[in-house]
Amino acid sequence: MFWAGFAFQPPAAKNLTCNYNSGMKTHRFLILIGLIGLAGMIFTPMGAVRSAVASPYDLVAMVNDVRRNNGLEEIEIHEALMSSAQMQSDYLGSAYGTNFPDWEAGHIGAGGTRAIDRAIASGYPVPSGGNVLENWAGGNNSTALSEIVYSYWSDASHWSQMLHPDAVDIGAGITEGDGYVYYILNIGVKYGSGGGTSGGVASTVPTTAVTPKVAPVTVADAQEDGSVLHTVKIGEALWSIAAAYEVTVDQLIALNDLPSDPIIYEGQTLLVRLAYTPTPSPTVTSTPKPPTRTPVPPQTAQAVVTATQEDADGGGLFDMDRQTLGLALILICGIGLVLVITGTLAKDKGKKK
């Protein structure tokens, strides 16, 4: 309390009686000081009591503290990255306000730009074989900066980017509006550099050792179809997963249709290898069953006439069928019998005369 700053002791009664005028002056002086102090407390703006929103340079300083505590070197501030980060925080503030976007939309800027696009537009010379990583968060003006860094960004993806061993430059942006604050952190990396801007061979997969904050990656077994799927665990980074499976970060980005500055999260499934292409089997063509044959109507057997020698010789008297032949023979026999009988009767008449 304000009053604790004063050691006020009331004067004795005799002094009040003997020194009435001096005592009244002392009381008036102390009351005046008390009123001035009370007025100062009442009329002090709340903004002076409440801690102001941190600056982008405070954010950079805290991230470098995190790196030092994990045995990594500080990252140098690059004004182009400061500019591009501020550009994105301003855009999110104007586009979303207190309706914070989802994690993916928070990385997309005006015109659909990504972190690396905005950095290049701000004049940042992206190193060969490098990239620009980005963390973003949204809060209000009562959210402590330490909460952003140590809580909002404590997951594996954000943490590994702040502790990236190949980080070479850093920039930050903070935008405060009516009930919201946006925080943007941009980190320029040169893969394989080990954090330096000179020396080292640029490569897609870093060759430096991972820090204790980046967990070792356990390689998953292949599926029945030959594909390999990896489930991201806390402490893993995209480059550490690529190194474990002996593939490149670019291959993982292409297989999983990730953005150029990908952010992975715990529990996310990444395709590491495609399924085998099966060898086409011969196509078995089914032969259709032949149609049912149309039955042939039974045929009436025809009599077969056996040819005789006479037929072979050109025929003759008996060149006729058996029925006609039989009738002819019967007729001949009848005629002969009649002739025999007639002749016999004529002979008998002659004898009688």
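Quick caveat: nothing in here was measured; it's all calculated off a predicted structure.

Student: Whenever I open this one, the overall build of the chain confuses me. Can you help?
Tutor: Counting its secondary structure elements, the chain contains twelve helices and six strands. Relative to its 353 residues, the chain shows a buried fraction of 33%. Counted over contacts in the chain with a minimum sequence separation of 6, partners at least 24 positions apart contribute 67%.

Student: Explain the packing of aromatic side chains to me, please; I cannot follow it from the model alone.
Tutor: For any two aromatic rings, the description comes down to two numbers: the centre-to-centre distance and the angle of the planes. Considering all chains together, one arrives at four aromatic pairs under this definition. With 6.2 Å between their ring centres and 50 degrees between their planes, tyrosine 150 and tryptophan 159 make a pair best called tilted. Given a relative accessible area of 41%, tyrosine 150 falls into the partly exposed group. Through pairs of rings, three or more aromatic residues link up here, namely Phe100, Trp136, Tyr180 and Tyr182.

Student: When you look at helix H7 (residues 145–152) in this model, what are you seeing that I'm missing?
Tutor: An α-helix turns once every 3.6 residues. As a result, residues three or four positions apart point the same way. When H7 is considered as a whole, its buried residues turn out to be Leu145, Ile148 and Val149. Projected down its long axis, H7 carries its buried residues within an arc of 85 degrees, all on one side.

Student: For this particular structure, what's the right way to read the side chain of asparagine 186?
Tutor: Its place among the elements puts asparagine 186 in strand S4 (residues 181–190). Judged by its relative accessible area of 1%, asparagine 186 is buried. One polar contact links asparagine 186 to serine 84, side chain to side chain, over a distance of 3.2 Å. When sequence neighbours within four positions are dropped, the list of residues in contact with asparagine 186 reads Leu81, Ser84, Ala85, Ala115, Val132, Leu133, Glu134, Asp169, Ile170 and Gly171.

Student: How should I be thinking about the nonpolar core in this particular structure?
Tutor: Leu59, Trp153 and Leu185 are the most contacted members of the largest nonpolar core, which totals 27 residues. In this view, leucine 185 contacts Val63, Leu133, Glu134, Asn135, Trp153, Met162, Ile170, Gly171 and Ala172; residues no more than four positions away in its chain are not counted. Val232, Leu238, Ile241 and Val249 belong to the second-largest nonpolar core, a separate cluster that totals 17 residues.

Student: Looking at this structure, how should I read the confidence of the model for the chain?
Tutor: Low-pLDDT portions of the prediction should not be read for the details of their coordinates. Chain-level pLDDT for the chain is 75 on average; 65% of the residues reach the 70-or-more range. Contacts of residues 1–22 to residues separated by more than four positions or lying in other chains number ten contacts, the stretch itself having pLDDT below 50. Every residue in residues 196–213 scores below 50 in pLDDT, and together they form 42 contacts with partners more than four places removed in sequence or on other chains.

Student: Is there a simple way to think about the sheet that holds S4 in this case?
Tutor: Pairing between the strands of a sheet is mediated by backbone hydrogen bonds and can be parallel or antiparallel. The sheet built from four strands is open, its strands ordered S1-S3-S4-S2 with mixed pairing. Only two strands of the sheet have a single neighbouring strand rather than two, namely strand S1 (76–77) and strand S2 (130–139). Examined bridge by bridge, strand S3 (residues 167–176) and S4 share nine bridges and lie antiparallel to one another. What sits directly across from glycine 173, in S4, is isoleucine 184. Against the sheet, helix H4 (residues 56–69) contacts S1, S3 and S4, and its axis sits at roughly 140 degrees relative to S3.

Student: What's the story with H4 in this structure? I'm lost.
Tutor: In this model, H4 (14 residues) spans 20 Å end to end at C-alpha, consistent with the 20 Å of a helix rising 1.5 Å per residue. All of the buried residues along H4 are Pro56, Leu59, Val60, Met62, Val63, Asn64, Val66 and Arg67. The inward-facing, buried residues of H4 abut S1, helix H5 (79–96), H7, helix H8 (156–162), S3 and S4. Phi turns positive one or two residues past the end of H4, at glycine 71, with a value near 75 degrees.

Student: What exactly am I supposed to notice about unusual backbone geometry here?
Tutor: Outside of glycine, negative phi angles account for most residues, and trans bonds account for most peptide bonds. Phi at glutamate 246 is positive, roughly 60 degrees, even though this residue is not glycine. When you line up the elements, glutamate 246 lands in the loop between helix H9 (238–244) and helix H10 (249–255). Even without glycine at this site, aspartate 257 takes up a positive phi of about 55 degrees. Tracing the sequence through the fold places aspartate 257 in the loop between H10 and strand S6 (269–273). Judged by its relative accessible area of 71%, aspartate 257 falls in the exposed class.

Procedures and definitions
- Residues numbered from 1 in each chain as written.
- Predicted model: local features only at pLDDT ≥ 70, side-chain atom pairs only at ≥ 80, totals over all residues.
- Heavy atoms only, no water.
- Helix = DSSP H or I, 4+ residues; strand = E, 2+ residues; numbered from the N terminus.
- Buried < 20%, exposed > 50% of the residue type's maximum accessible area, 1.4 Å probe, protein only.
- Contact = heavy atoms within 4.5 Å.
- Phe/Tyr/Trp six-rings, centres within 6.5 Å; stacked < 30°, edge-to-face > 60°.
- Arc of directions from axis to C-beta.
- Polar contact = N/O pair within 3.5 Å; in protein donor to acceptor, adjacent residues only side chain to side chain.
- Core = buried A, V, L, I, M, F, W, Y, C linked by side-chain atoms within 4.5 Å.
- pLDDT = per-residue confidence, 0-100.
- Pairing = 2+ DSSP bridges.
- Axes fitted to C-alpha atoms, helices over the stretch in contact; angles between N-to-C directions.
- Expected span 1.5 Å × (residues − 1).

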